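Close look at the chain arrangement
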Amino acid sequence: MDRTANAVWQGNLKEGNGTLDTQSGALKGTPYSFKARFEDESGKAGTNPEELIAAAHAGCFAMQFSHFLAENGTPADELAAKAVVTLIPGTGITGSALTVVGKVPGIDAAKFQELAEQAKAGCPVSKALGAIKVSLDAKLG
């Protein structure tokens, strides 16, 4: 199974800009730039690679966690997952901090935490991010 995305970049690093397209069409001509990556924390200037990694990580983790919860006989009503990917200019991406709040009937906090940790370790995106620190804060809500 392969998934594709295309990037077109024009100009130099600081003044240039680009667009991203994905196979699914979820991104189509989506702008990205140096400003969107390093200067504009509002996200209004377009996307950036770290934001896309964060989206992939949160989505993958939530899917993996939902699978483990269902296998446990305690399917989730809802999992609200978030990933914060940290980029330090000149150093690179240093971490991805996962947080999740789950509405899961019939599970205790200890089992919820155990399965969340398993999902963090087992999610394919977490595995791909093996060169950085991946943290987890999991709570029932």
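These numbers come from a predicted model, not from an experiment. (Residues numbered from 1 in each chain as written. Predicted model: local features only at pLDDT ≥ 70, side-chain atom pairs only at ≥ 80, totals over all residues. Heavy atoms only, no water.)

Along the polypeptide, Gln64 turns up in helix H2 (residues 49–71). Take Gln64: its relative accessible area is 18%, and that puts it in the buried class. When near neighbours in sequence (up to four residues on either side) are disregarded, Gln64 contacts Ala119, Gly122, Cys123 and Pro124. (Helix = DSSP H or I, 4+ residues; strand = E, 2+ residues; numbered from the N terminus. Buried < 20%, exposed > 50% of the residue type's maximum accessible area, 1.4 Å probe, protein only. Contact = heavy atoms within 4.5 Å.)

What follows is about helix H3 (residues 109–122). Its 14 residues place the ends of H3 20 Å apart at the C-alpha level, agreeing with the 20 Å of an ideal helix rising 1.5 Å per residue. Listed as buried for H3 are Phe112, Leu115, Ala116, Ala119 and Lys120. Mapping the buried residues of H3 onto a view down its axis gives an arc of 145 degrees, with all of them on the same face. For H3, the elements touching its buried residues are H2, strand S4 (78–88), strand S5 (92–103), helix H4 (124–128) and strand S6 (133–140). Capping of H3 at its N-terminal end is provided by Asp108; its side-chain oxygen lies 3.2 Å from the backbone amide nitrogen of Ala110. (Expected span 1.5 Å × (residues − 1). Arc of directions from axis to C-beta. Polar contact = N/O pair within 3.5 Å; in protein donor to acceptor, adjacent residues only side chain to side chain.)

Taken as a whole and judged by the stated rule, the model has four aromatic pairs. Site record: aromatic cluster; members linked through ring pairs are Phe61, Phe65 and Phe112. (Phe/Tyr/Trp six-rings, centres within 6.5 Å; stacked < 30°, edge-to-face > 60°.)

An ideal rise of 1.5 Å per residue puts 33 Å on 23 residues; H2 measures up with 33 Å between its terminal C-alpha atoms. Those residues of H2 not exposed but buried are Glu50, Ala54, His57, Ala58, Cys60, Phe61, Ala62, Gln64, Phe65, Phe68 and Leu69. As for H2, its buried residues are in contact with helix H1 (34–39), S4, S5, H3, H4 and S6. The N-terminus of H2 is capped by Asn48, whose side-chain oxygen sits 3.1 Å from the backbone nitrogen of Glu50. Following H2 by one or two positions, Gly73 adopts a phi angle in the positive range, close to 85 degrees.

This brings us to the pattern of salt bridges. The full count for this structure, using the stated rule, is four salt bridges. Asp137 is paired through a salt bridge with Lys139; the nearest N and O atoms lie 2.9 Å apart. Under the relative-accessibility criterion, Asp137 is labelled partly exposed at 36%. Its relative accessible area of 43% is what places Lys139 among the partly exposed residues. (Salt bridge = Lys/Arg side-chain N within 4 Å of Asp/Glu carboxyl O.)

For the rest of this paragraph, the subject is the nonpolar core. Membership of the largest hydrophobic core comes to 22 residues, with the highest contact counts inside it found for Phe61, Phe65, Leu69, Leu79, Val100, Phe112 and Leu136. If you list the elements that add at least two residues to this core, you get H2, S4, S5, H3 and S6. Here the element with the most residues in this core is H2; it accounts for six residues. (Core = buried A, V, L, I, M, F, W, Y, C linked by side-chain atoms within 4.5 Å.)

Strand order in the open sheet formed by three strands is S4-S5-S6, with mixed pairing between adjacent strands. The sheet is open, and its two borders are formed by S4 and S6, each paired with just one other strand. Neighbouring strand axes in the sheet, compared pairwise and without regard to direction, differ in orientation by 15 degrees on average. Two elements, S5 and S6, share eight bridges in a ladder whose sense is parallel. When the sheet's bridge partners are listed, Thr99 is paired in S6 with Asp137. Contacts from H2 reach S4, S5 and S6 within the one sheet, and its direction differs from that of S4 by about 145 degrees. The sheet strands contacting H3 are S4, S5 and S6, and the helix crosses S6 at an angle near 150 degrees. (Pairing = 2+ DSSP bridges. Axes fitted to C-alpha atoms, helices over the stretch in contact; angles between N-to-C directions.)

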